[in-house]
Amino acid sequence: MLAVDSVAVTLATMLSFIALGAPENIGFLVASYMPILPYVVIVTASCSIWLGVCSVSLNTFDKTAIGITAILATSLAITSWVAASLIRLDLPNGLHMTMGVMFFVLVVISRTA
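Given the structure is predicted, the values throughout are model-derived calculations rather than measurements.

Caption draft 1: Quick look at the overall build of the chain. Helices and strands together make up the secondary structure of the chain, namely five helices and zero strands. Taken over the C-alpha trace, the chain has a radius of gyration of 14 Å; the compact-globule value for 113 residues is 13 Å, and the two agree within 12%. Dimensions along the principal axes, computed over C-alpha positions, put the chain at roughly 45 × 25 × 20 Å. Looking at the chain as a whole, 38% of its 113 residues qualify as buried. Of the contacts formed within the chain by residues at least 6 apart in sequence, a portion of 76% connects residues at least 24 apart. On the chain, roughly 6,200 Å² of surface is accessible, and the fraction owed to carbon and sulfur atoms is 73%.

The following block contains the structure:
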């Protein structure tokens, strides 16, 4: 499930750029975010292992697991915001929040599907 979570981070990033309706320079924005993406994936995978989200199976995916997944999605959004701020990317804050929400939805769907 850790690989699924890592793919979900990347997919959530792309969906967030699309959802925010970035203008024709979406390619430039995605390219400028690419140096951050590996670090965001590593931090998210580490938090997933630490919180135990990657080892939760379908049978045990209850309200507690959904809450822990929400904490993981929040850590993803914060990590993305901090990393983008450190390298001075001019990205809207809504991108990071949208990324966290998209990641949460993708992980919950992957566990229940």
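More follows now that the structure is in view.
Caption draft 2: Region of interest: the packing of aromatic side chains. Under the counting rule described, the total for this entry stands at one aromatic pair. Centroid distance Phe17 to Tyr33: 5.9 Å. Interplanar angle 75°. Geometry classified as edge-to-face. Taken together, the residues span a long stretch of sequence, with Phe17 in helix 1 (residues 2-19) and Tyr33 in helix 2 (residues 26-33) at a distance of 16 residues. Both residues of the pair, Phe17 and Tyr33, count as buried.

Caption draft 3: Up close: the confidence of the model for the chain. Across the chain, the average pLDDT comes to 85, with 92% of residues at 70 or higher. Ranking the elements of the chain by mean pLDDT puts helix 2 last with 79 and helix 3 (residues 37-51) first with 90.

Rules of the game
- Residues numbered from 1 in each chain as written.
- Predicted model: local features only at pLDDT ≥ 70, side-chain atom pairs only at ≥ 80, totals over all residues.
- Heavy atoms only, no water.
- Helix = DSSP H or I, 4+ residues; strand = E, 2+ residues; numbered from the N terminus.
- Rg over C-alpha atoms; globule rule 2.2 N^0.38 Å.
- Buried < 20%, exposed > 50% of the residue type's maximum accessible area, 1.4 Å probe, protein only.
- Contact = heavy atoms within 4.5 Å.
- Areas by Shrake-Rupley, 256 points an atom, 1.4 Å probe, with all protein chains shown as cover.
- Phe/Tyr/Trp six-rings, centres within 6.5 Å; stacked < 30°, edge-to-face > 60°.
- pLDDT = per-residue confidence, 0-100.

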